[in-house]
Amino acid sequence: MTKEQFLNGTIFRVGFLSYKGAETYSYNQKDNYISKQIRSSIDERVVLQDYVCNVLKVGRVGFTGFTFILKKRVVVKYRFEDLVEFKEEA
């Protein structure tokens, strides 16, 4: 995945999890956060969409995000090359 695709909100998976029903993610540039889509294992439609983390920085090769779990700040870093575009089948 490219930085431009990420910034445009293209739906993606982290790594190569490609089984039917695996969760997908997308970036919301307006509000600066990553959301997660829980998908059906039958037809891959979105069953639930939820917040995952805020985005601190979008760099040249990746992004940094954070969230709080049990009052502790957890920071994550991903490279765009590790994000795989999700292609919906018709």
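Each value, and the rule that gives it
- Residues numbered from 1 in each chain as written.
- Predicted model: local features only at pLDDT ≥ 70, side-chain atom pairs only at ≥ 80, totals over all residues.
- Heavy atoms only, no water.
- Core = buried A, V, L, I, M, F, W, Y, C linked by side-chain atoms within 4.5 Å.
- Buried < 20%, exposed > 50% of the residue type's maximum accessible area, 1.4 Å probe, protein only.
- Helix = DSSP H or I, 4+ residues; strand = E, 2+ residues; numbered from the N terminus.
- Contact = heavy atoms within 4.5 Å.
- Phe/Tyr/Trp six-rings, centres within 6.5 Å; stacked < 30°, edge-to-face > 60°.
- Lys NZ or Arg CZ within 6 Å of the ring centre and 35° of its normal.

Caption draft 1: How the structure looks around the nonpolar core. Core analysis: the largest hydrophobic core is formed by eleven residues, namely Met1, Phe6, Phe12, Tyr25, Tyr27, Ile34, Cys53, Val55, Phe63, Phe80 and Leu83. Every element with two or more residues in this core is listed here: β2 (24-28) and β4 (46-58). For Cys53, the residues in contact, after removing those within four places along its chain, are Tyr33, Ile34, Gly65, Phe66 and Thr67.

Caption draft 2: Expanded view of the packing of aromatic side chains. Scanning all chains against the criterion turns up eight aromatic pairs. Considering the side-chain rings of Phe6 and Phe63, the 4.8 Å spacing of their centres and the 20° angle between planes classify their relative orientation as stacked. Taken together, the residues span a long stretch of sequence, with Phe6 in helix α1 (residues 3-7) and Phe63 in strand β5 (residues 62-69) at a distance of 57 residues. Taken individually, Phe6 and Phe63 each receive the classification buried, so the pair is uniform in this respect. Ring geometry for Phe6 against Phe80: centres 5.3 Å apart, planes inclined by 50°, an arrangement best described as tilted. With Phe6 in helix α1 and Phe80 in the loop between β6 (72-79) and β7 (83-85), this residue pair connects regions lying 74 residues apart in the sequence. Ring pairing ties together the aromatic residues Phe6, Phe12, Tyr25, Tyr27, Phe63, Tyr78 and Phe80, which thus form one cluster. Lying over the aromatic face of Phe66, Arg73 brings its terminal NZ or CZ to 4.2 Å of the ring centre.

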